[in-house]
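Chains, contacts and geometry: an overview
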Amino acid sequence: STPASAKVKEITIAYQGPLTGDSAQTGIDEVNAAKYALKKYNDSNPAVKINLVTIDDQGAGSVALTVAPGAAANKKIIAIVGPAFSGATISSLPYYKAARLPMISPSATNVTLTDKKSVNYGYPVFHRVPSTDAFQGPSLAKWAVQNQKSPKVYIVDDKTPYATGLAAFTKKALAAGTWVGSDSTPDDTKDFAATISKVKSTGTNVVIYTGYYSQAAVLINQLRADGYKGDFASGDGTLGTGFLEGAGKNAEGVLLVAPTVPLSVGNPAMEADYVKVMGAASGEYTTETISIVNIYIAAVKSGVTTRSGMLNFINGFKGETVAGTKLSFDRNGDNNGAAAITGFVVKGGKIVPIEVVK
Amino acid sequence: MFDTLIHQFWSLTFSGIALGFIYVLIAMGYTMVYGVLRMINFANSEIFMVGAFATVMVSKYVFELSNDAIPPSNVKLFLVILCCIVASMLASALLAFLVELVAYRHLRNRTTNRIAPLISAIGIGIVISEIVRIFTGARTQFAPNIVPKKTLATFQGAEIRLDSTLTIVAGLILFILLDRFIKYSRLGRGIRAVSMDEDSAKLMGVNLNRVISLTFTLGGLMTGAAGFFYVNVYENVKFNMGFSLGLAAFTAAVIGGIGNIRGAFFGGISLGLVEIYASAVIGTQWKPVTVFIILILILLFKPNGIFGEAIQRTRV
Amino acid sequence: MAKTILNLKNLTIKFGGVTALNSVNLELKEGEILALIGPNGAGKTTVFNLITGVYKPTSGNVFLGDVAIDGKKRHHITKLGIARTFQNIRLFGDMTTLENVITGTDVRNKVGLIGSILGTPRSRREEKASIAKAHEILKFIGIDEYADRLAKNLPYGVQRRLEIARALGTEPKILLLDEPAAGFNPQEKVELAAIIKKIRDAGYTILLIEHDMSLIMGISDRVVVLDFGQKIADDLPSVVQNDPQVIAAYLGVPEDAS
Amino acid sequence: MRLELKDLHVHYGKIEAIKGISVVVNEGEIVTLIGANGAGKTTTLKTISGLRKVSSGQILFDGQDISNVPAHERVDLGISQAPEGRGIFPGMTVLENLEMGKFNRKDRKSEMDEDLDKVYTLFPRLKERATQAGGTLSGGEQQMLAIGRALMARPKVLLLDEPSMGLAPQMIANIFRIITEINKTGVTILLVEQNAQQALQRAHRAYILETGNVVKEAKASDLLNDPAVREAYLGTGAH
Amino acid sequence: MINLRDKGAQFWERSNRPVRVLTVFAIVAVVAALPYAGNTFLQTPVAAFDAVLVYPMGMFILMALGLNVVVGKSGMLDLGYVAFFAVGAYTMAILGTRTGLNTWEIMPIGIAAAMFAGVLLAIPTLRLRGDYLAIVTLGFGEIVRVSALNSEAIGGALGIAGVPFPPGLGFEYQLLDQKYFYWTIVVMILLVIWVIRRLTVRRPGRAWESIRQDEDAAELMGVSTYKYKIWAFVFGAAIGGGAGVFYASRSMVIAPDNFTLNTSILILACVVFGGMGNIWGVIVGAAILGYLPDRFRFLSDARLLLFGLVLVVFMNLRPEGILPRKKREKAIVKKGSGA
Ligand SMILES: Nc1ncnc2c1ncn2[C@@H]1O[C@H](COP(=O)(O)OP(=O)(O)OP(=O)(O)O)[C@@H](O)[C@H]1O
Ligand SMILES: Nc1ncnc2c1ncn2[C@@H]1O[C@H](COP(=O)(O)OP(=O)(O)OP(=O)(O)O)[C@@H](O)[C@H]1O
Ligand SMILES: [Mg+2]
Ligand SMILES: [Mg+2]
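Given the structure is predicted, the values throughout are model-derived calculations rather than measurements.

For the rest of this paragraph, the subject is the overall build of chain E. Counting secondary structure elements, chain E contains 13 helices and zero strands. Ordered by position in the sequence, the α and β elements of chain E form the string α-α-α-α-α-α-α-α-α-α-α-α-α. When the backbone C-alpha atoms are referred to their principal axes, chain E occupies close to 55 × 50 × 45 Å. For chain E, long-range pairs separated by at least 24 residues make up 76% of all intrachain contacts whose partners lie at least 6 apart in sequence. Put simply, chain E shows about 11800 Å² of open surface, and 69% of that area lies on carbon and sulfur atoms. Where the 31 positive side-chain charges of chain E centre and where its 20 negative ones centre are 10 Å apart.

Listed below in structure tokens is the structure:
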């Protein structure tokens with residue numbers, strides 16, 4: 001082993017998320033963002049280089065159960081970017097808690113993770129950049145009905161932990177009498193005819209979809225093809241160019257809310273650089289991921305070399321995301337700056353941020 | 001609970017039939033293979049997925065249609081449809097042919113274990129979908145709008161759209177063609193002979209390998225066509241799209257009586273309808289439960305599916 | 001006169017348009033070898049299938065002693081004491097000869113799942129007894145030397161004999177043999193005849209389907225002739241052999257009466 | 001068409017079932033193979049029709065080596081077999097089974113009807129049961145179907161594996177008469193039989209097989225009178 | 001190709017009792033020492049070796065042994081085996097978080113629940129043959145998973161967290177060092193092997209075997225085929241349920257997505273890959289298929305691709321599995337106990 005005096009030349013952090021399997025795309029987007037941030041850093045010839053190892057949990061709790069003990073036992077890893085999904089986070093948490101391995105997730109938004117009363121409480125190791133569904137839900141409820149004098153809201157979720165959570169908070173925040181129905185369409189649903197029929201028969205004028213962008217695009221396309229004229233609103237799962245590509249013209253006027261903004265919106269200059277460096281546009285949760293890696297970089301720059309050092313650094317950290325919003329963590333691991341939920345409208349084929357929805 | 005079903009009955013029915021035709025075509029892939037080998041082709045869902053991708057590729061890169069563009073019209077539209085559907089059918093057929101070669105042929109000569117080919121087909125399925133996943137970065141690929149989603153007519157408040165009408169009409173034509181072909185070519189009899197007794201079939205002059213390859217290929221053609229219609233209606237593809245559709249189509253084949261192409265037809269349409277009605281009445285999330293409970297009930301009363309022949313057995 | 005142990009009363013069965021058996025009456029006496037003969041498709045195998053519960057009669061009954069057994073489950077009928085062999089061999093090909101017979105003997109064993117897992121004394125006793133019994137039967141039939149061979153690799157003649165041995169394993173009162181000598185050469189048929197006699201002498205009652213007249217004449221006590229699902233004769237072999245109706249329907253011109 | 005096996009060896013895995021036999025069947029002959037259970041008769045026929053692979057040696061058909069021709073093509077050459085165990089397609093009707101016999105023949109409808117008529121005259125029972133599923137036929141009926149089906153192909157060489165098995169005495173006499181009749185129409189026949197008495201009476205020449213070897217080859221009538229053969233294959237209580 | 005199975009069997013037959021006992025001890029010792037092999041070539045990148053030994057390897061072996069009774073021994077194709085695993089796991093999770101019962105007390109309840117589910121499925125469906133049974137069982141697996149997913153009362157999509165660890169038995173189960181879990185599962189596996197061997201060499205084993213080979217003939221030889229098929233199903237379910245209870249307890253968290261059709265298919269692949277019907281083959285198959293994906297983690301992107309290739313290539317090379325079902329000619333009755 002190295003003598004204590006020897007200078008540490010390399011630090012290892014890990015990314016955990018789905019890199020294979022059905023949800024691989026989220027993980028690949030995030031890991032690319034992490035790679036981008038680290039490349040920028042390592043190319044600047046720092047004294048201490050940072051390595052990235054990837055931990056593929058397929059976005060599934062069952063797989064997380066096999067990989068998490070390994071990451072926990074791997075003493076070289078001093079911090080984790082991720083896990084990407086709430087379910088995998090819940091399964092991994094016991095191990096990381098036991099190993100005191102700090103983690104900051106770019107995309108796990110389930111409330112129980114930072115809820116003191118829940119068995120899923122991630123204290124002290126768990127942190128996250130995006131705000132929880134508890135914040136996003138009310139904002140979504142508010143933002144979605146802005147165009148309607150007498151809104152009739154129909155909520156569709158995709159049955160993932162993320163979507164059911166967000167749907168529940170959204171529903172709770174709706175004004176009395178405005179909620180007319182809900183459906184759950186598992187994320188392998190191809191045909192929304194039944195859902196659309198319900199939307200029509202309830203006279204809905206606002207459809208809120210909590211789920212991910214590809215299904216959102218299919219849903220709105222089918223809604224519009226069937227002559228639905230009302231509004232369509234969704235949360236952060238839908239925020240991204242993928243939705244625009246999939247929904248095309250139908251995306252016009254869609255109302256979105258998200259705890260942060262996509263890189264192309266929040267920091268166009270960095271997006272341009274990203275495209276140059278990575279050879280492709282950034283994907284989901286890039287803003288969050290780069291911001292998280294930047295925290296770790298800052299920690300390493302300040303001489304952190306251990307897990308406990310990293311944990312202290314994170315808890316004391318005060319800064320900004322690359323999109324310019326405030327970033328620091330409260331005792332439960334939530335982002336103090338995350339409460340600001342931005343409302344967006346799709347205009348002219350672009351997702352345009354309008355205002356903070358309170 | 002039944003409000004939606006009652007108010008939107010025709011609209012639901014029309015969608016259910018269009019969805020059903022997609023199932024019918026995929027189910028044909030399962031049922032043909034089952035008909036000849038008495039084995040489930042677990043790679044069929046990937047064959048379907050590849051067929052769907054072929055349509056996206058051709059429309060995007062050969063005809064350079066984009067997602068936003070107005071759908072083509074008249075001659076161009078006809079040409080696009082024709083090329084896309086042919087490309088999908090050929091891509092799937094070729095893949096089905098290869099699957100037989102790699103996963104089944106060698107094994108067939110080496111073992112009587114009927115589950116071994118099943119596992120090797122599953123292996124191939126994983127390989128195909130993983131290759132596509134790696135190439136697409138696991139992303140959903142959105143397809144250009146090929147056939148305009150024009151409303152042709154309304155019936156009892158239900159809109160009858162061009163895209164789903166095309167699915168129904170073309171699906172019907174393909175089904176009838178296949179049905180006739182099997183009936184009037186010697187292939188149909190060859191398939192039945194092979195499925196009952198391979199050695200005897202050889203003694204009758206049946207070219208075993210050719211019959212089996214041809215059956216896979218025909219099944220592939222149908223499955224590929226389903227890929228085109230799917231893209232046409234739902235406008236997106238993803239590497240893992242085959243799984244749930246394949247499962248549904250397989251269920252459809254069993255409901256009708258697997259190995260029997262008319263059964264697959266009936267099963268596909270009824271499954272499409274049942275799924276949509278069930279989603280409307282008790283919620284989309286309960287759809288798989290409803291479907292499987294109905295399946296079990298059907299099999300309780302008709303153990304060989306609705307159109308299924310009794311499993312071929314010699315007397316005791 | 002020995003008592004009747006199997007009684008078929010007015011047995012009729014139809015398959016669609018075909019009446020395979022038409023009101024057939026047949027009595028099997030304890031300890032006899034009764035031969036069932038008739039042209040191809042006369043309904044002989046169908047009689048076996050009705051007795052063993054494979055088919056349910058359209059009308060009529062099968063009595064074992066005083067008990068009507070038509071409509072009973074197949075395995076239950078076996079338990080009641082009727083065992084059979086198959087016209088086209090149906091052995092458990094991937095089991096050894098010995099195992100085939102032991103599987104037959106299992107019908108008399110009582111031990112179930114739990115007993116087997118725990119290895120109760122009874123289970124061990126039964127296992128031991130079954131193995132011993134199976135060997136005994138194999139020796140009796142004369143194929144003990146094949147005990148450890150897989151059934152599917154056995155020569156045809158041994159397979160036919162194993163069918164008989166497996167059926168004997170179930171300790172039947174009545175043994176039904178469906179063309180046990182098919183595919184045998186004359187020499188082998190003679191040996192088989194001896195075995196069948198030996199079985200009868202050991203106290204079994206035998207109902208035998210066979211097309212080889214010399215075999216039948218040699219061993220049967222009584223012959224029943226079926227034609228087109230009807231019983232056309234039921235008498236001593238020598239009488240039946242000279243019955244003109246039987247000759248016309250079944251035997252053909254008597255070229256070679258042995 | 002002359003069929004010739006030259007020093008034929010056939011294996012099941014490691015077991016050698018046929019150990020170098022040479023057999024000649026001249027055009028227009030009936031040749032019979034007799035031998036005890038397990039001698040390799042069925043294996044020989046299966047090898048000729050292509051269901052088993054030749055390990056070494058040759059099968060000459062009309063002077064041409066066909067040992068590597070796939071089974072289904074041998075049917076087109078004119079080799080047809082009624083196999084042991086009959087190989088009926090259980091789910092097909094009797095008529096469909098018979099039609100399968102013509103699978104590769106591009107005969108006109110009239111020829112089909114003609115052949116069907118022929119088979120139906122040979123086996124009236126099959127005509128009665130034309131629409132019954134093959135699998136539900138009685139044992140003997142299946143045997144008739146197997147032979148009839150082989151005839152549908154209008155073979156040049158007909159391979160029969162124990163055609164009398166499971167048949168009633170009257171029918172057995174019938175079958176052997178039919179074999180002679182078919183032969184008279186110019187079809188070469190290779191016949192495997194346990195009923196050696198009848199087979200030898202009908203055949204021109206015969207081979208005796210013992211555990212994979214030919215132990216004797218002679219004119220059939222000679223063998224009928226050979227005491228050793230009578231002892232071993234015709235039963236002691238000979239007729 | 002060499003037949004390892006026969007070589008092994010030959011060795012076993014030639015050995016006398018002390019040699020056999022010694023062999024068994026040696027093998028058990030080697031297996032038990034595996035958690036200490038973490039730093040050898042066996043090391044799995046990313047995932048912890050000791051955890052991989054517990055899940056997937058140990059669990060897969062256990063489940064594959066259970067499924068083998070259904071598929072390999074009695075010839076019924078079951079594509080929904082994961083349902084029983086799920087029933088066991090949910091029983092543990094629900095009772096473990098809501099009552100004071102501990103893992104060992106819940107174990108029999110979980111097994112009983114899985115057996116009950118087995119009977120429930122078996123009674124109406126076991127009259128179906130072959131592939132129809134396959135689709136019905138597959139459907140049953142989906143019914144169980146989707147019902148769990150849709151029932152908020154048992155956690156819905158998030159599942160149930162905070163499932164208690166098993167109480168120690170003179171040692172304490174640890175999170176970051178899973179050797180005690182591993183040893184527990186080895187004991188469970190040994191127990192199951194012992195039970196299955198008992199069954200297969202005796203009457204129930206013969207009944208299953210005869211049903212697999214010729215159901216009609218079996219019934220006519222007096223085997224109550226329906227009853228034995230149900231037993232096979234229920235017995236397989238019991239093992240799946242037991243595995244589920246232990247799984248939930250060691251994982252602390254379960255969710256519906258742990259119980260997808262993929263798991264059923266993977267377990268089936270283990271059975272076929274190793275050698276259907278042969279418990280040693282099944283164990284080897286499950287160990288390999290459980291271990292490989294984690295061993296190949298360094299390949300990251302191409303990992304599953306490789307897994308698929310392995311399945312195809314291996315099935316083609318060894319269609320009967322790595323250690324095929326008995327080929328040699330010797331009885332499954334215990335030698336020497338007779339005659
Ligand atoms: N399941 C069935 N469906 C239709 N017909 C049947 C069925 N089972 C038997 N038959 C018919 O019933 C008749 C009697 O058949 P069975 O098998 O009893 O004849 P058999 O006397 O045993 O003849 P063989 O000597 O040829 O074996 C036959 O004509 C047969 O075709
Ligand atoms: N599938 C097989 N696997 C292994 N050995 C076989 C197989 N088929 C046949 N044999 C063996 O090959 C030898 C020849 O068998 P074959 O069936 O050709 O005999 P046969 O002369 O036709 O006998 P039979 O009069 O009983 O029909 C026998 O020893 C037999 O056990
Ligand atoms: Mg019969
Ligand atoms: Mg033979």
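Read on, since the account is not over.
Let us look at the pattern of salt bridges. The final tally for this structure, using the stated rule, is 54 salt bridges over all chains. For the salt bridge of arginine 108 of chain B with glutamate 100 of chain B, the shortest nitrogen-to-oxygen distance reads 3.0 Å. Of the two residues examined, arginine 108 of chain B and glutamate 100 of chain B, each falls in the buried class. Connected through shared salt-bridge partners, Lys102, Arg105, Asp107, Glu111, Glu114, Asp115 and Arg154 of chain D make up one network.

A few words now on the site of ligand 2. Taken together, 15 residues are adjacent to ligand 2, and Gly38, Lys41, Thr42, Thr43 and Glu84 of chain D come closest. Each of chains C and D places residues near ligand 2. At 2.7 Å from an oxygen atom of ligand 2 is found a side-chain nitrogen or oxygen belonging to glutamate 84 of chain D. For ligand 2, an oxygen atom lies 3.5 Å from a polar atom in the side chain of glutamate 162 of chain D. In the complex, the protein chains occlude 75% of the 640 Å² of accessible area that ligand 2 would expose alone. Ranked by the residues each element gives to the shell around ligand 2, the list is headed by helix 1 (residues 41-49) of chain D, at three residues. Grouping the amino acids of the shell around ligand 2 by side-chain chemistry returns five nonpolar, seven polar and three charged.

What follows is about the packing of aromatic side chains. This structure, assessed with the given rule, holds 36 aromatic pairs over all chains. A centroid spacing of 5.2 Å and a plane angle of 75° characterise the contact between phenylalanine 228 of chain B and phenylalanine 229 of chain B, whose relative ring orientation is edge-to-face. For phenylalanine 228 of chain B, a relative accessible area of 0% puts it in the buried group. On the accessibility criterion, phenylalanine 229 of chain B (1% relative accessible area) is buried. Members of the aromatic cluster, joined through ring pairs, are Tyr36, Trp104, Phe165, Phe171, Tyr173, Tyr180, Phe181, Trp183 and Phe246 of chain E. Seen from the ring of tryptophan 179 of chain A, lysine 171 of chain A lies directly overhead, with NZ or CZ sitting 4.0 Å from the centre. For arginine 166 of chain C, the ring lying beneath its charged end belongs to phenylalanine 92 of chain C, and the centroid distance is 4.8 Å.

Moving on to empty space enclosed by the protein. Tallied over the full model, the rule gives five cavities of 30 Å³ or more. Sorting the residues of the lining of the second largest cavity by element identifies helix 6 (193-201) and helix 7 (213-225) of chain A together with helix 2 (9-37), strand 3 (158-161) and helix 9 (208-234) of chain B as the ones contributing at least two each. No other element matches helix 2 of chain B, which puts five residues into the lining of the second largest cavity. Taken together, the residues of the lining of the second largest cavity break down into nine nonpolar, six polar and six charged.

As a further point, take the interface of chain E and chain A. One frequently used descriptor of interface size is the decrease in accessible area upon assembly of the parts. If you look at the interface, chain E gives 30 residues, while chain A gives 33 residues. Between chain E and chain A lies a buried interface of about 2300 Å² when both sides are counted; carbon and sulfur atoms form 64% of it. Sorting the residues of chain E by area buried against chain A places Val46, Leu158 and Leu176 of chain E first, and these three jointly supply 24% of that buried surface. Note that glutamate 152 of chain E is salt-bridged to lysine 159 of chain A, the shortest N-O span being 3.8 Å.

Another point: the coordination of the magnesium ion (ligand 3). Residues and elements named next belong to chain C. The magnesium ion (ligand 3) binds to the protein through Thr45 (OG1) and Gln87 (OE1), with metal-donor distances spanning 1.9 to 2.2 Å. Within this pair, whereas threonine 45 is found in helix 1 (residues 44-51), its partner glutamine 87 is found in the loop between strand 6 (82-84) and helix 3 (97-105), the two being separated by 42 residues in sequence. When its relative accessible area of 11% is taken as the criterion, threonine 45 is described as buried.

Residue and element names in this part refer to chain C. Across the sheet, which stays open at both edges, the six strands sit in the order 6-7-8-3-9-10 with mixed pairing between neighbours. Each edge of the open sheet carries a strand with a single partner, namely strand 6 and strand 10 (230-235). Adjacent strand axes in the sheet meet at a mean angle of 20° when their direction is disregarded. Strand direction decides the pairing type here: strand 6 and strand 7 (residues 174-178), joined by three bridges, are parallel.

In this section: the interface of chain C and chain E. Contacts between the two partners involve 42 residues from chain C and, on the opposite side, 39 residues from chain E. Aspartate 216 of chain E is the salt-bridge partner of arginine 90 of chain C, the closest N and O atoms lying 3.4 Å from each other. Counting across the chain C and chain E interface gives 15 residue pairs in polar contact (both at pLDDT 80 or more). At the level of secondary structure, the elements contributing two or more residues to the side of chain C that touches chain E comprise helix 2 (74-80), helix 3, helix 4 (113-118), helix 5 (121-141) and helix 6 (156-169) of chain C.

Binding of the magnesium ion (ligand 4) to the protein goes through Thr42 of chain D (OG1) and Glu84 of chain D (OE), at separations of 1.8 to 2.3 Å. Of the two residues, threonine 42 of chain D sits in helix 1 while glutamate 84 of chain D sits in the loop between strand 6 (79-82) and helix 3 (94-100), which places them 42 residues apart along the sequence.

The next subject is the site of ligand 1. Within the structure, ligand 1 sits among 23 residues, and Thr45 and Thr46 of chain C together with Arg129, Ser138 and Gly140 of chain D are positioned closest to it. Among the chains of the assembly, those with residues near ligand 1 are chains B, C and D. Here an oxygen atom of ligand 1 sits 2.4 Å away from a polar atom, N or O, in the side chain of arginine 129 of chain D. At 3.3 Å, a backbone N or O of glycine 139 of chain D approaches an oxygen atom of ligand 1.

With that out of the way, let us pick up the pairing of strand 14 (residues 350-357) of chain A. Remember that side chains alternate between the two faces of the sheet whenever the strand is regular. Relative to strand 14 of chain A, strand 13 (residues 341-347) of chain A runs antiparallel, the two being bridged by seven bridges. Residue pairing in the sheet places isoleucine 341 of chain A in a bridge with valine 357 of chain A of strand 14 of chain A.

Further remarks concern the packing of helix 12 (residues 279-295) of chain E against helix 13 (residues 303-317) of chain E. Between two packed helices, what matters for the description is the angle formed by their axes and the separation of those axes. Residue and element names in this part refer to chain E. In the contact formed by helix 12 and helix 13, the axes pass within 9 Å of each other and the chain directions differ by 150°. On the basis of their axis angle, the class for helix 12 and helix 13 is roughly antiparallel. Seen from above, helix 12 lies across helix 13 with right-handed handedness. Seen from helix 12, the contacting residues are Leu289, Leu292 and Pro293; seen from helix 13, they are Arg303, Phe307, Val310 and Leu311. Looking at the contact of helix 12 with helix 13 residue by residue, the classes come out as six nonpolar, no polar and one charged.

Bringing the sheet that holds strand 1 (residues 3-12) of chain D into the picture now. All names here are of chain D. Overall, antiparallel pairing links the four strands, which are arranged 2-1-4-5 in an open sheet. Of all the strands in the sheet, the pair left with one neighbour each is strand 2 (15-25) and strand 5 (64-65). In the sheet, strand 1 pairs with strand 4 (residues 56-61) via five bridges, with the strands oriented antiparallel. For lysine 6, the partnering residue across the bridge sits in strand 4 and is glutamine 58. Relative to the sheet, helix 1 contacts strand 1, strand 2 and strand 4, its axis offset from that of strand 1 by approximately 110°.

Residues Tyr96 of chain A together with Leu65 and Leu268 of chain E are the most contacted members of the largest nonpolar core, which totals 336 residues. Sorting elements by how many residues they give to this core places helix 2 of chain B first, with 18 residues. Sequence-distant contacts of tyrosine 96 of chain A, defined by excluding residues within four places in its chain, comprise Gln16, Ala68, Ala71, Ala72, Ile80, Leu101, Met103 and Val125 of chain A. In terms of nonpolar packing, the next biggest core, distinct from the first, is built from 62 residues, Tyr250 of chain C together with Leu126, Leu145 and Phe176 of chain D among them.

Definitions and cut-offs
Residues numbered from 1 in each chain as written. Chains lettered and ligands numbered in written order. Predicted model: local features only at pLDDT ≥ 70, side-chain atom pairs only at ≥ 80, totals over all residues. Heavy atoms only, no water. Helix = DSSP H or I, 4+ residues; strand = E, 2+ residues; numbered from the N terminus. Contact = heavy atoms within 4.5 Å. Areas by Shrake-Rupley, 256 points an atom, 1.4 Å probe, with all protein chains shown as cover. Lys, Arg positive; Asp, Glu negative; His and termini not counted. Charge placed at Lys NZ, Arg CZ, Asp CG, Glu CD. Salt bridge = Lys/Arg side-chain N within 4 Å of Asp/Glu carboxyl O. Buried < 20%, exposed > 50% of the residue type's maximum accessible area, 1.4 Å probe, protein only. Near = heavy atom within 4 Å. Polar contact = N/O pair within 3.5 Å; in protein donor to acceptor, adjacent residues only side chain to side chain. Nonpolar A, V, L, I, M, F, W, Y, C, P; charged D, E, K, R; others polar. Phe/Tyr/Trp six-rings, centres within 6.5 Å; stacked < 30°, edge-to-face > 60°. Lys NZ or Arg CZ within 6 Å of the ring centre and 35° of its normal. 1 Å grid on protein atoms, 1.4 Å probe; cavity = no way out; pocket = protein on both sides within 12 Å on 5 of 7 lines; lining within 4 Å. Points joined across faces, edges and corners; volume = space filled by probe spheres on them. Buried area = accessible area lost by both parts, 1.4 Å probe. Donors = N, O, S within 2.8 Å, 3.2 Å for Na, K, Ca; no water. Pairing = 2+ DSSP bridges. Axes fitted to C-alpha atoms, helices over the stretch in contact; angles between N-to-C directions. Parallel < 35°, antiparallel > 145°, perpendicular 65-115°, else oblique. Left-handed = near helix turned anticlockwise from the far one by under 90°. Core = buried A, V, L, I, M, F, W, Y, C linked by side-chain atoms within 4.5 Å.

By themselves, these are just geometric observations and shouldn't be taken as functional.
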